[in-house]
Amino acid sequence: MAARKQRNELDAAERNAMPERAFAFPRLRKEPLNDASHVRNAIARFDQVRDASDDERAEAFRRIKRAAKRFGVEMTERNWRELGKPSRTMKSSDKPRTPTKAVRNMPRAERSRDDLYAEAKQRNIKGRSAMTKADLLHALEGR
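Reference entry: report on the structure contained in this document. (Residues numbered from 1 in each chain as written. Predicted model: local features only at pLDDT ≥ 70, side-chain atom pairs only at ≥ 80, totals over all residues. Heavy atoms only, no water.)

With respect to the overall build of the chain
For the chain, the count of helices and strands is seven helices and two strands. Element order for the chain, N to C, with α for helix and β for strand: α-α-β-β-α-α-α-α-α. Within the chain, the proportion of its 143 residues that are buried is 33%. Considering only contacts within the chain whose residues lie at least 6 apart along the sequence, 35% involve residues at least 24 apart. As displayed, the chain offers around 9,800 Å² of accessible surface, 48% of which is attributable to carbon and sulfur atoms. (Helix = DSSP H or I, 4+ residues; strand = E, 2+ residues; numbered from the N terminus. Buried < 20%, exposed > 50% of the residue type's maximum accessible area, 1.4 Å probe, protein only. Contact = heavy atoms within 4.5 Å. Areas by Shrake-Rupley, 256 points an atom, 1.4 Å probe, with all protein chains shown as cover.)

This is the structure we're talking about:
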């Protein structure tokens, strides 16, 4: 039990005892917002919640924002649609990655390899999948 508390896990009894207002999606009793770890989880899994209307998603987003502020979790999204709509066929890891405005304004040398790869893909640079970060930097600078 002590190990579960350190990992911020809720058992069924604890979850069932929580009031509806403690969840991002109260009607569905999905995504508890009782600590920072659960708030980060709710943000990450927002687009995985099924059977929620757009109004419920908007309200869930407001609840998550309030909880994030209360627990000191940084949240850059300003609208629930920025978290993505649910998709039955596409996992979040399969979604195409495009550099955000903040990443595009960052010097290339400070970007991650994944960000550089996404830019190389947009520019249709051949052989990019086998390139290291240094290779990607060189190829992008040459264009």
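Section: the packing of helix 6 (residues 113–122) against helix 7 (residues 133–141)
Contact geometry of helix 6 with helix 7 gives a least axis separation of 9 Å together with a crossing angle of 35 degrees. Of the two possible hands of crossing, helix 6 and helix 7 adopt the one that is left-handed. Contacts from R113, L116, Y117, E119 and A120 in helix 6 reach K133, L136, L137 and L140 in helix 7. The residue makeup of the contact of helix 6 with helix 7, split by class, is six nonpolar, no polar and three charged. (Axes fitted to C-alpha atoms, helices over the stretch in contact; angles between N-to-C directions. Left-handed = near helix turned anticlockwise from the far one by under 90°. Nonpolar A, V, L, I, M, F, W, Y, C, P; charged D, E, K, R; others polar.)

A few points about the side chain of R111
With respect to the helices and strands, R111 occurs in the loop between helix 5 (101–105) and helix 6. R111 sits in the buried class, given a relative accessible area of 6%. Once residues lying within four places of it in the same chain are set aside, the contact partners of R111 are V103, R104, M106, L116, E119 and K133.

Concerning the packing of aromatic side chains
Evaluated as defined, the whole model comprises two aromatic pairs. Centre to centre, the rings of F25 and F46 are 5.6 Å apart; their planes meet at 45 degrees, and the pair counts as tilted. One end of the pair, F25, is in strand 1 (residues 23–25); the other, F46, is in the loop between helix 3 (36–45) and helix 4 (54–71), with 21 residues separating them in the sequence. By the burial criterion, F25 is buried, and F46 matches it. Centroid distance F46 to W80: 6.4 Å. Interplanar angle 40 degrees. Geometry classified as tilted. Remark: W80 occurs in the loop between helix 4 and helix 5 and F46 occurs in the loop between helix 3 and helix 4; sequence separation between them is 34 residues. Given a relative accessible area of 0%, F46 falls into the buried group. Overall, W80 belongs to the buried group, its relative accessible area being 5%. A network of ring pairs unites the aromatic residues F25, F46 and W80 as a single cluster. (Phe/Tyr/Trp six-rings, centres within 6.5 Å; stacked < 30°, edge-to-face > 60°.)

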